[in-house]
Amino acid sequence: MAARNANPVAIAGGGIGGLACALALARQGFRSLVLEQAREFGEAGVGLQVAPNALSVLDALGVGHAAKKNALLIERLLMMDAVTGEEIANIPLDARFVRRFGNPYAVSHRADIHGALLDACRANELIDLRTDSHVSDFKFEPPGVTVFLASGTPIAAPALIGADGVYSNVRKRIVADGDPPSAGAVIFRATIPAAEMPKDLQHPYPTFWAGPGWHAIYYPVRDWSLFNLGCTLATDKLEYGDGADVSPLQVLPKFTGGCETPLRAMQIPKAFRHYVIRHREPVENWTLGPATLIGDAAHPMVQYIAQGAAMALEDAICLASAMHEADGEFSSAFRRYQALRIVRTARVQISSLMMDRINHARGIERKVRNSLFEGRTAEDYYDRLAWLYTPPPYVR
Ligand SMILES: Cc1cc2nc3c(=O)[nH]c(=O)nc-3n(C[C@H](O)[C@H](O)[C@H](O)COP(=O)(O)OP(=O)(O)OC[C@H]3O[C@@H](n4cnc5c(N)ncnc54)[C@H](O)[C@@H]3O)c2cc1C
């Protein structure tokens with residue numbers, strides 16, 4: 001296919017957002033250059049919940065089948081009270097759910113989603129993928145930009161898309177709002193080989209335990225060979241760095257007040273990996289001329305409704321469709337993309353953070369929380385979730 005742009009658009013970052021953007025642009029006939037800082041393309045972390053709105057984007061990008069191949073299509077979302085062991089909420093994800101939202105709900109290994117996008121990017125002649133390319137800064141050089149790599153190499157491009165995650169360097173020049181603050185929570189992540197997971201805890205869906213000041217979630221990935229475990233603690237104390245290995249002796253005493261069942265899972269890993277949960281308040285602008293942001297660079301959020309990657313995917317396809325409509329006029333396409341995306345992504349950021357109170361309730365608030373979900377039918381849940389799981393019109 002002949003490209004609609006002679007010089008490639010630069011995309012900083014080759015995570016799920018950056019690769020999806022390159023692919024979406026290529027499907028509209030636009031050439032791009034993905035600049036990834038790592039030595040190899042890949043994803044940190046293991047588990048990813050892939051809601052129907054995210055699967056619809058993957059379908060639209062032509063990688064839905066590959067992405068779903070190793071994913072587990074889950075049968076329910078379950079929220080348990082970690083204090084009493086009772087069920088709080090149980091959302092069936094059966095045929096009614098698929099009919100309503102056009103796709104099932106999946107849990108996947110992150111590498112399987114990222115890998116499906118990467119394979120498709122590698123096979124597309126309009127996409128140039130470069131590793132070892134840390135984007136340190138850029139400047140406007142009308143009508144385009146010059147992107148600077150840490151090595152000092154300048155790259156001239158007609159436009160720049162910052163898909164460089166929560167610590168985005170591209171954002172520093174566009175929004176200039178400093179480092180992302182802690183969301184008042186840290187997560188200890190681990191994997192559990194299926195052979196070590198007690199049989200009565202092995203369910204074909206994520207089990208979410210809401211504890212007093214903490215929550216934990218586990219679910220199977222990769223053909224049930226592994227269970228992904230994430231234990232989130234509400235705290236302002238930052239004791240360890242990102243990626244630090246922390247022993248169970250240091251982790252487990254922090255998760256108090258829970259019943260025996262979630263603790264049985266949490267006692268299995270020999271080590272946990274620690275990360276600070278970061279977020280930002282939504283901003284009113286993330287675009288400047290021929291430079292814009294997508295994914296966590298634009299709207300980082302806490303993971304409490306499992307939508308960060310989904311929003312990055314939706315951004316990618318929306319941006320490419322705006323590029324198509326503006327016939328490659330980057331600045332107006334980026335303004336249009338932002339106008340289409342900013343309220344939805346801000347709502348997801350705010351809604352995610354509001355779940356902090358639900359997930360970590362204690363005392364009387366815990367009882368109020370549990371009462372909120374009493375008697376809800378599948379349709380009640382679907383109606384409440386429709387704004388989120390229904391793919392927006394540009395996801396085609
Ligand atoms: C614990 C946890 C659980 C989560 N669970 C879910 C979930 O279940 N479902 C869901 O949808 N979302 C989930 N999320 C959110 C999701 O992981 C992110 O929103 C998503 O990965 C964002 O994708 P991205 O491409 O914007 O950024 P990233 O995934 O951060 O990718 C950024 C890429 O850019 C590269 N990069 C960074 N800086 C530079 C630079 N200066 N130059 C060049 N390259 C650079 C990085 O190496 C990386 O490859 C979770 C997040 C956390 C923390």
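Calculation notes
Residues numbered from 1 in each chain as written. Predicted model: local features only at pLDDT ≥ 70, side-chain atom pairs only at ≥ 80, totals over all residues. Heavy atoms only, no water. Phe/Tyr/Trp six-rings, centres within 6.5 Å; stacked < 30°, edge-to-face > 60°. Helix = DSSP H or I, 4+ residues; strand = E, 2+ residues; numbered from the N terminus. Buried < 20%, exposed > 50% of the residue type's maximum accessible area, 1.4 Å probe, protein only. Lys NZ or Arg CZ within 6 Å of the ring centre and 35° of its normal. Patch = residues over 30% accessible without salt bridge, like charges linked within 9 Å, V, L, I, M, F, W, Y side chains within 5 Å. Areas by Shrake-Rupley, 256 points an atom, 1.4 Å probe, with all protein chains shown as cover. Salt bridge = Lys/Arg side-chain N within 4 Å of Asp/Glu carboxyl O. Expected span 1.5 Å × (residues − 1). Arc of directions from axis to C-beta. Contact = heavy atoms within 4.5 Å. Near = heavy atom within 4 Å. Polar contact = N/O pair within 3.5 Å; in protein donor to acceptor, adjacent residues only side chain to side chain.

Caption draft 1: Summary view of the packing of aromatic side chains. Counting across every chain of the model gives 13 aromatic pairs. Ring centres 5.9 Å apart and planes at 75 degrees place the aromatic pair Phe97 and Tyr389 in the edge-to-face group. Taken together, the residues span a long stretch of sequence, with Phe97 in helix α4 (residues 95-101) and Tyr389 in helix α12 (residues 378-389) at a distance of 292 residues. Across the pair, exposure class does not vary: Phe97 and Tyr389 are buried alike. Aromatic pair Phe101 and Tyr382: ring centres 6.1 Å apart, planes at 80 degrees, arrangement edge-to-face. Here Tyr382 lies in helix α12 and Phe101 lies in helix α4, a separation of 281 residues in the sequence. For the pair shown, Phe101 and Tyr382 are each scored as buried. Members of the aromatic cluster, joined through ring pairs, are Phe97, Phe101, Tyr105, Tyr382 and Tyr389. Here the basic side chain of Arg189 rests over the ring of Tyr275, its NZ or CZ set 5.2 Å away from the ring centre.

Caption draft 2: Spotlight on a nonpolar patch on the surface. On the surface, Ile364, Val368 and Leu372 cluster together into a nonpolar patch covering about 290 Å² of accessible area. A relative accessible area of 66% places Ile364 in the exposed class.

Caption draft 3: Quick look at α12. Helix length check: α12, at 12 residues, gives a terminal C-alpha distance of 14 Å against a target of 16 Å (1.5 Å per residue), a shortfall beyond 12%. Burial in α12 covers these residues: Ala378, Tyr381, Tyr382, Leu385, Ala386, Leu388 and Tyr389. What you see down the axis of α12 is that its buried residues fit within an arc of 155 degrees, all on one side. Considering only its buried residues, α12 is in contact with α2 (52-60), β5 (76-81), β6 (87-92), α4 and α10 (330-359).

Caption draft 4: Main features of the site of the ligand. Close to the ligand lie 29 residues; Gly17, Glu36, Gln49, Val135 and Asp296 are nearest. The separation between a nitrogen atom of the ligand and a polar main-chain atom of Val135 is 2.8 Å. At 2.8 Å from an oxygen atom of the ligand is found a side-chain nitrogen or oxygen belonging to Asp296. Secondary structure elements with two or more residues in the shell around the ligand: α1 (16-27), β3 (47-50), β13 (182-193) and α9 (308-325).

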